[in-house]
Amino acid sequence: MQYKTVAEAKNLSGLRVALTAGGPAPWGEATKYILHVKKIPYVPVAQQGGGTNDELVAWTGHRNAPVAVYNNEAPRTGWYEILLLAERLAPTPSLLPQQVDERALMIGLSTALCGEDGFTWNARHVMFDTLLKTQGDAFKNNPMVLSYSYSEQNAAAAPSKMKPILEALSARLHKQQSVGSKYFIGDQLTALDLYWAAMSQLVDSYPPEKNPMPDFFRQIWAPVRGAVGTALDPILLAHRDFIYTQHLTLPLDF
Ligand SMILES: N[C@@H](CCC(=O)N[C@@H](CS)C(=O)NCC(=O)O)C(=O)O
């Protein structure tokens, strides 16, 4: 992916999205997938994972990624507000169900997956635990450790929070399969399908030809796979393979 620097991007108009350069950071991937499906043009701006990102902070008020900035509107960082922006910029295809109950279910499950203290948030506690064990004090002062409520206790509790979320998602897919749908909600693609495709890389990363991320990521994500055990029902992996094949492009590009 060709990134612009903050200095190059900040005076442009249109949509600019700060993304972690060099790795498939889950929320950033999810944002890219939404923009891809909706064919929304944007300028990728490099964010350094774990860096202080001073220029990005000066421009947007945020250190991490993704940060979506549209014209002179306030920067958006949350997965839901980024989805709503994308829906506004390209209403078709909509990635939000129109029917209110279905929409509530989709947003609820997306919150379990992407929200604070949800699946990926807890996966990160497991990942940080590995980093602290391997890098020790060198990692303790990393801005990431300080920003995402990591603690040994939170890391120990993470598997018991992650597994029920995967179980709810796989139960949903089995239910959908019984009525002939390959998607989480209704019979068409929603953002939830894209969120799971992005987040699934944490527990079952594609091999290098499809996901050419540095080995470092494989090392720190392997314990995340161990943390969820048998809660990773094969139907979840079949689903994400279907989503990548039908709606996205491979190899991942970051
Ligand atoms: N703001 C996002 C979450 C963003 C987030 O957690 N980003 C992480 C992973 S993609 C990140 O930027 N990590 C690298 C860093 O903190 O430098 C949301 O809640 O929707």
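Residues numbered from 1 in each chain as written. Predicted model: local features only at pLDDT ≥ 70, side-chain atom pairs only at ≥ 80, totals over all residues. Heavy atoms only, no water.

### Looking at the site of the ligand
- Around the ligand there are 15 residues in total, and Gly-50, Arg-63, Ala-65, Trp-79 and Tyr-148 lie nearest to it.
- Within the backbone of Gly-50, one N or O atom sits 2.6 Å away from an oxygen atom of the ligand.
- At 2.6 Å, a side-chain N or O of Arg-63 approaches an oxygen atom of the ligand.
- When the ligand sits alone it has 510 Å² of accessible area, and the protein chains cover 88% of it. (Near = heavy atom within 4 Å. Polar contact = N/O pair within 3.5 Å; in protein donor to acceptor, adjacent residues only side chain to side chain. Areas by Shrake-Rupley, 256 points an atom, 1.4 Å probe, with all protein chains shown as cover.)

### Comments concerning the layout of surface pockets
- Taken as a whole, the largest pocket encloses approximately 760 Å³ of empty space.
- The wall of the largest pocket is formed by 37 residues, among which Ala-25, Trp-27, Arg-124, Met-144 and Tyr-148 lie closest to the centre.
- In terms of residue count, the dominant contributor to the lining of the largest pocket is helix α6 (residues 119-135) (seven residues).
- Residue composition of the lining of the largest pocket, by class: 20 nonpolar, 14 polar and three charged.
- Counting contributing residues per domain, the lining of the largest pocket is built from domain 1 (6-89) and domain 2 (100-247), each supplying no fewer than three. (1 Å grid on protein atoms, 1.4 Å probe; cavity = no way out; pocket = protein on both sides within 12 Å on 5 of 7 lines; lining within 4 Å. Points joined across faces, edges and corners; volume = space filled by probe spheres on them. Helix = DSSP H or I, 4+ residues; strand = E, 2+ residues; numbered from the N terminus. Nonpolar A, V, L, I, M, F, W, Y, C, P; charged D, E, K, R; others polar. Domains from an automatic or database assignment.)

### Re helix α4 (residues 79-89)
- For α4, the complete set of buried residues consists of Trp-79, Ile-82, Leu-83, Leu-85, Ala-86 and Glu-87.
- Each element contacted by the buried residues of α4 is listed here: β1 (15-20), α2 (26-37), β3 (67-70), α5 (100-114) and α10 (191-203). (Buried < 20%, exposed > 50% of the residue type's maximum accessible area, 1.4 Å probe, protein only. Contact = heavy atoms within 4.5 Å.)

### Description of the pattern of salt bridges
- By the definition in use, this model includes nine salt bridges.
- Between Glu-73 and Arg-88 there is a salt bridge whose closest N-O contact spans 2.6 Å. Separated by 15 residues along the polypeptide, Glu-73 in the loop between β3 and α4 and Arg-88 in helix α4 bring together distant segments of the chain.
- Taking relative accessible area as the criterion, Glu-73 reaches 24% and is therefore assigned partly exposed.
- Ionic pairing is found between Asp-129 and Lys-133, a salt bridge with its closest N-O pair at 3.2 Å. Highlighted residues: Asp-129 and Lys-133, both in helix α6, separated by four residues, approximately one helical turn.
- On the accessibility criterion, Asp-129 (17% relative accessible area) is buried.
- If you follow the salt bridges from partner to partner, you end up with Glu-73, Arg-76 and Arg-88 in one network. (Salt bridge = Lys/Arg side-chain N within 4 Å of Asp/Glu carboxyl O.)

### Re the domain arrangement of the protein chain
- Along its sequence, the protein chain is carved into domain 1 (6-89) and domain 2 (100-247).
- Placing a centre on the C-alpha atoms of domain 1 and another on those of domain 2 gives a separation of 21 Å.
- Taken residue by residue, the interface counts 18 residues in domain 1 and 29 residues in domain 2.
- Between domain 1 and domain 2 the total buried area reaches about 1900 Å² when both faces are included, carbon and sulfur atoms providing 72% of it.
- Sorting the residues of domain 1 by area buried against domain 2 places Trp-27, Tyr-33 and Trp-79 first, and these three jointly supply 34% of that buried surface.
- Seen at the junction of domain 1 and domain 2, the total is three residue pairs in polar contact (both at pLDDT 80 or more). (Buried area = accessible area lost by both parts, 1.4 Å probe.)

### Regarding the sheet that holds β3
- Pairing within the open sheet is mixed, and its three strands lie in the order β2-β1-β3. Strands with a single pairing partner mark the edges of an open sheet, and in this sheet they are β2 (43-47) and β3. Put simply, the sheet's adjacent strands are angled 25° from each other on average, direction ignored.
- Summarising the sheet, β1 and β3 pair through four bridges and their orientation is antiparallel. By the bridge assignment, Val-17 is partnered in β3 with Ala-68.
- With respect to the sheet, α4 is in contact with β1 and β3, its orientation differing from that of β3 by roughly 35°. (Pairing = 2+ DSSP bridges. Axes fitted to C-alpha atoms, helices over the stretch in contact; angles between N-to-C directions.)

### Observations concerning the nonpolar core
- Leu-113, Phe-119, Phe-128, Leu-169, Leu-194, Tyr-195 and Trp-196 are the most contacted members of the largest nonpolar core, which totals 76 residues.
- Trp-196 has contacts with Leu-113, Phe-119, Leu-166, Leu-169, Phe-184, Val-203, Leu-232, Leu-236, His-239 and Arg-240, leaving out every residue within four places of it along the chain.
- Judged by nonpolar contacts, the second largest core, of seven residues, contains Val-6, Ala-9, Ala-18 and Val-45. (Core = buried A, V, L, I, M, F, W, Y, C linked by side-chain atoms within 4.5 Å.)

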